[in-house]
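If you want the building blocks of each chain, they are given just below.
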Amino acid sequence: MNIKNKSVLAIAVAMMIGSVSAPVFAVAEQGQKDVPMKEGRMPPKAHHDQWKVFEGLDLTQDQKDKIKDLIKDGRDSQRDAFKDGMKYNKELRELSASDDYSKDKAEGIAEDGAKVLTKAAVERAEVDNKIYNVLTAEQKVKYKENLKKRDDAFKERLDKMKDRKGDVPPPPPVDLR
C-alpha cells in the first residue's frame, strides 16, 4: 500500500470517527434545545443532530440511563484516541516541513496514525453496538430508520457544500518574495 492510499485511508477513518463520535463528547438530554457551546466543543446544532437517532424511540428512563453510562464509559478512550491521532497528524506535518524528510518516515507515521484511528473506530463501533442492544426489537427498527435519515441528511449537506464550492472566490495570492 503506497503513502497516497494510506493517507486516504487515514483521512477516511478520521472522517468516519468524526461523523459518529459526537455523542461520545457530549451527553445531552433527549430533545434538549439551545445547548450552550463550551470552548473546544462542537456547535450545539451538531450535538443535537447526533441525538436525532433516538427520536421517536420512546426510551424508558432505564434505557436512557444505560445509554448515557455507555457513552460516558467510552468517552475517555475516544478522547485519548483522538488526541493520539492528532499527535501523528502533527508529526507528519512537522516532518513534511523539515530537512530530515523521508518517504519511509512519513509512511511509518501515517501507518501508526491509521492504526490508532482504526482502533478508535472499532471502540466506537463497540459502544454503538452496546447501545443498539439496549433497545427493544421495535426500537431497533426505528433506530435504523433514524440512522438512514441522518446519513441521508449528511450526504445532502455534503452535496450542498460541493455545489457551493464553485461560488467561493479563490484566496488572495500570496507574495512569496
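Note that the coordinates shown come from a computational prediction; the quantities given were computed from them, not determined experimentally.

(A) Quick peek at the packing of aromatic side chains. Overall, the coordinates contain two aromatic pairs when judged by the stated rule. Centre to centre, the rings of Phe54 and Tyr143 are 5.8 Å apart; their planes meet at 40°, and the pair counts as tilted. Residue Phe54 is found in the loop between helix H3 (44-50) and helix H4 (61-96), and its partner Tyr143 is found in helix H6 (residues 137-165); the two are separated by 89 residues along the sequence. For Phe54, a relative accessible area of 4% corresponds to the buried category. Accessibility expressed as a relative area gives 8% for Tyr143, which makes it buried. When the centroid spacing of 6.0 Å and the interplanar angle of 50° are considered together, the rings of Tyr132 and Tyr143 count as tilted. Placement of the pair is Tyr132 in helix H5 (residues 103-134) and Tyr143 in helix H6, with a sequence separation of 11 residues.

(B) Examining the pattern of salt bridges more closely. A complete count under the given rule lists seven salt bridges for this structure. Residue Glu94 is joined to Lys90 by a salt bridge in which the shortest nitrogen-to-oxygen separation is 3.8 Å. Linking Glu94 with Lys90, this pair stays in helix H4, spanning four residues, or about one helical turn. The class for Glu94 is partly exposed, based on a relative accessible area of 46%. Across the pair Asp152 and Lys148 runs a salt bridge, and its minimum N-O distance is 3.1 Å.

(C) Looking closely at a nonpolar patch on the surface. A contiguous nonpolar patch, built from Phe154, Leu158 and Met161 and spanning about 260 Å² of accessible area, is present on the exposed surface. Tracing the backbone through its elements, the reader meets Leu158 in helix H6.

(D) Representation of a negative patch on the surface. Among the surface-exposed residues, Asp65, Asp69, Asp73, Asp76, Asp80 and Asp84 lie close enough to one another that they form a single negatively charged patch. Along the chain, the position of Asp69 falls in helix H4. For Asp69, a relative accessible area of 42% gives the class partly exposed.

(E) Looking closely at H4. The end-to-end C-alpha distance of H4 is 51 Å, a good match for the 52 Å that 36 residues give at a rise of 1.5 Å each. Within H4, the axis deviates most sharply at Arg75, by approximately 35°. Taken together, the buried positions of H4 are Gln63, Ile67, Lys68, Leu70, Ile71, Gly74, Arg75, Gln78, Ala81, Gly85, Tyr88 and Leu95.

What counts and what doesn't
Residues numbered from 1 in each chain as written. Predicted model: local features only at pLDDT ≥ 70, side-chain atom pairs only at ≥ 80, totals over all residues. Heavy atoms only, no water. Phe/Tyr/Trp six-rings, centres within 6.5 Å; stacked < 30°, edge-to-face > 60°. Helix = DSSP H or I, 4+ residues; strand = E, 2+ residues; numbered from the N terminus. Buried < 20%, exposed > 50% of the residue type's maximum accessible area, 1.4 Å probe, protein only. Salt bridge = Lys/Arg side-chain N within 4 Å of Asp/Glu carboxyl O. Patch = residues over 30% accessible without salt bridge, like charges linked within 9 Å, V, L, I, M, F, W, Y side chains within 5 Å. Areas by Shrake-Rupley, 256 points an atom, 1.4 Å probe, with all protein chains shown as cover. Lys, Arg positive; Asp, Glu negative; His and termini not counted. Charge placed at Lys NZ, Arg CZ, Asp CG, Glu CD. Expected span 1.5 Å × (residues − 1). Bend = angle between axes of the 7 residues up to and from the residue.

In short, geometric facts, not functional conclusions.
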